[in-house]
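The lines below spell out each chain.
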Amino acid sequence: MDIQFLGATQTVTGSKYLLKTDTKQFFVDCGLFQGLKSLRLENWNKLPINPSEIDYVFLTHAHIDHSGYLPLLVKQGFRGKIYCTAPTFELCKILLIDSGYLQEEDAKRANKYSYTKHRPALPLYNKQDAKECLKYFEVINFAEIVDFGDNLKVSFHYASHILGAASVRIECDGVSVLFSGDMGRADDPIMLPPKPPVQSDYLVVESTYGNRLHGSDLPVDQLEEVINRTVERKGTIVIPAFAVGRAQAILYYIHQLKTEDRIEDIPVYIDSPMAINATELFCEYSDQHRLTPDESAKVCDEAVYVRSVDESKSVSQQDQPKIIISASGMASGGRVLHHLARFAPDPNSSIVFTGYQAEGTRGDRIVSGEKSVKMLGQMVPINAEIVQLTNASAHADYEGLLGWMSQMNIPPKKVFLVHGETESAEVLKVRIEERLHWNCMIPNYKYQETLT
């Protein structure tokens, strides 16, 4: 079985791994590159394989950096099946269509205000392309071993992180490889702990937080402090949050703070159609996280759901203290940009980032202290208080990853570290070699190897 790394190599986006057996060719994950322009341009480059020749895609979870290339894959001729867990399929119905819509809107805005050298600017794909790709999805249950013939067997295993997230184990002709996907945290307040790794010959492991420990600070305490400071200034709290996972976690923390009378009962808005749908889905799949159905319902009822553009504009124009949760988490697009453009110049307001900020994204530039950032074709001054919750990530840190890997009874032949910036991957590599004494490497883009 051959593997080629076509994304998420020394970067955190574009997860895309091509595997070939004697009779089949398939991807594990098929995500978009995000962040730096040099990475985003890779989305437009031709794949080293004809999409019509790919038999399957096995999808670890729904986040766009893992799933967002799928509409383009189908547009280019893929006619196989896309396999994932049931919650991942439901979330992809939300995220992929939204991704197509955002790309259409970005192209329209670029053409309208002429802030692109392309004439005309075109979307990578549109909403209809996203809807078309959903026809090719099939659901696999957690822990179910599916036989695809020709000695190919595949299984999905609960990885925490977000609803539906899975590690994917591929076995063919007696050789096995386990893809961690994005690994969640054993101590996550909402998601259940990830299942132990299934014994495999090779491991492909994420390294997003490979050089960091989350620490002991509770994000709910940090959130309490920034909310109270901002309310005292009579400002607004804008929280760019990933629509799937972080938005629901932040809503849970706010519910907890209000229930315990630790913050004032100010209005809370979720202004992201996909975050709204994902939150409702979170309540539907209450068997896959720690909250009871009753707790889930109370958390979901904590916010006012902003569904229309006119409602969104009305929320932004309000002067009283409030909390606005809106996607995207790295401020790369969506309605959150309009709220940032409105409140980032206001020194009384606060912008709270809740997760990893990929290099080159607006979120990364704001957190890094840039005094003005381009949004919607204009430079916006950043005068608001900027806060990054240091312990709110849905990714395991290096101790979590090492703890997960150490549950394997037999060392794998090799560990491939992916989905992390170079420094994170290098630090995790050293820790794996020192603590576990395993053979470990960091693949380059398009690196190939035969797994035997």
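Our subject is the structure listed above.
Residues numbered from 1 in each chain as written. Predicted model: local features only at pLDDT ≥ 70, side-chain atom pairs only at ≥ 80, totals over all residues. Heavy atoms only, no water.

Visitor: Which residues make up unusual backbone geometry, and what values do they have?
Guide: Of note, the bond from Ala327 into Ser328 is cis; its omega dihedral lies within 30 degrees of zero at 15°. For Asp29, which is not glycine, the phi torsion reads 65° and is therefore positive. In this structure, Asp29 sits in strand E3 (residues 25-30). Positioned with a positive phi, Ala143 is a non-glycine residue whose angle comes to about 70°. Among the secondary structure elements, Ala143 is positioned in the loop between strand E6 (137-139) and strand E7 (145-147). According to the relative accessible area criterion, Ala143 is exposed, its value standing at 53%. (Helix = DSSP H or I, 4+ residues; strand = E, 2+ residues; numbered from the N terminus. Buried < 20%, exposed > 50% of the residue type's maximum accessible area, 1.4 Å probe, protein only.)

Visitor: Give me the lowdown on the pairing of strand E10 (residues 175-179), citing residues and values where you can.
Guide: Counting buried residues in E10 gives 5 out of 5 residues, a clear majority hidden from the surface. On E10, burial covers both faces: Val175, Val177 and Phe179 on one face and Ser176 and Leu178 on the other are all buried. Bridge analysis of strand E9 (residues 166-172) against E10 gives 5 bridges, and the strand direction is antiparallel. Opposite Arg169, over in E10, you have Leu178 as the bridge partner. (Pairing = 2+ DSSP bridges.)

Visitor: Please give an account of the pattern of salt bridges that cites residues and values.
Guide: For the coordinates displayed, the defined rule picks out 24 salt bridges. The salt bridge involving Glu370 is made with Arg365; its shortest N-O contact spans 3.9 Å. According to the relative accessible area criterion, Glu370 is partly exposed, its value standing at 35%. You can call Arg365 partly exposed: its relative accessible area is 24%. Taken together, the shared-partner salt bridges connect Asp221, Glu224, Glu260 and Arg262 into one network. (Salt bridge = Lys/Arg side-chain N within 4 Å of Asp/Glu carboxyl O.)

Visitor: Let's hear about the sheet that holds strand E12 (residues 237-240): which residues, and what values?
Guide: The strand order across the open sheet formed by 6 strands is E14-E13-E15-E12-E16-E19, and the pairing between neighbours is parallel. Of all the strands in the sheet, just strand E14 (304-305) and strand E19 (385-388) have a single pairing partner and so form its edges.

Visitor: Before we move on, could you go through helix H7 (residues 246-259) and cite the residues and values that matter?
Guide: Taking 1.5 Å of rise per residue, the 14 residues of H7 would be expected to cover 20 Å, and the 20 Å separating its terminal C-alpha atoms lies within 8% of that figure. Taken across its 14 residues, H7 has 12 buried, putting it largely inside the fold. Residues of H7 that are buried: Arg246, Ala247, Gln248, Ala249, Ile250, Leu251, Tyr252, Tyr253, Ile254, His255, Leu257 and Lys258. Directly beyond the C-terminal end of H7, a positive phi value near 55° is found at Asp261. (Expected span 1.5 Å × (residues − 1).)

Visitor: Account for the sheet that holds strand E8 (residues 152-158), with residues named and values stated.
Guide: Taken together, 7 strands build an open sheet; the order of strands is E7-E8-E9-E10-E11-E20-E21 and the sheet is mixed. Edge positions in the open sheet fall to E7 and strand E21 (440-441), since each of these has one partner strand only. Bridge count for strand E11 (residues 202-206) against strand E20 (residues 414-418) is 5 bridges, and the pairing is parallel. When the bridges of E20 are listed, Val204 appears paired with Phe416. Contacting E11, E20 and E21, helix H14 (residues 422-435) crosses the sheet at an angle of about 160° to E20. (Contact = heavy atoms within 4.5 Å. Axes fitted to C-alpha atoms, helices over the stretch in contact; angles between N-to-C directions.)

Visitor: With reference to specific residues and values, describe the side chain of Lys24.
Guide: Within the secondary structure, Lys24 is located in the loop between strand E2 (16-20) and E3. A distance of 3.3 Å separates a polar atom in the side chain of Lys24 from a polar atom in the side chain of Tyr56. (Polar contact = N/O pair within 3.5 Å; in protein donor to acceptor, adjacent residues only side chain to side chain.)

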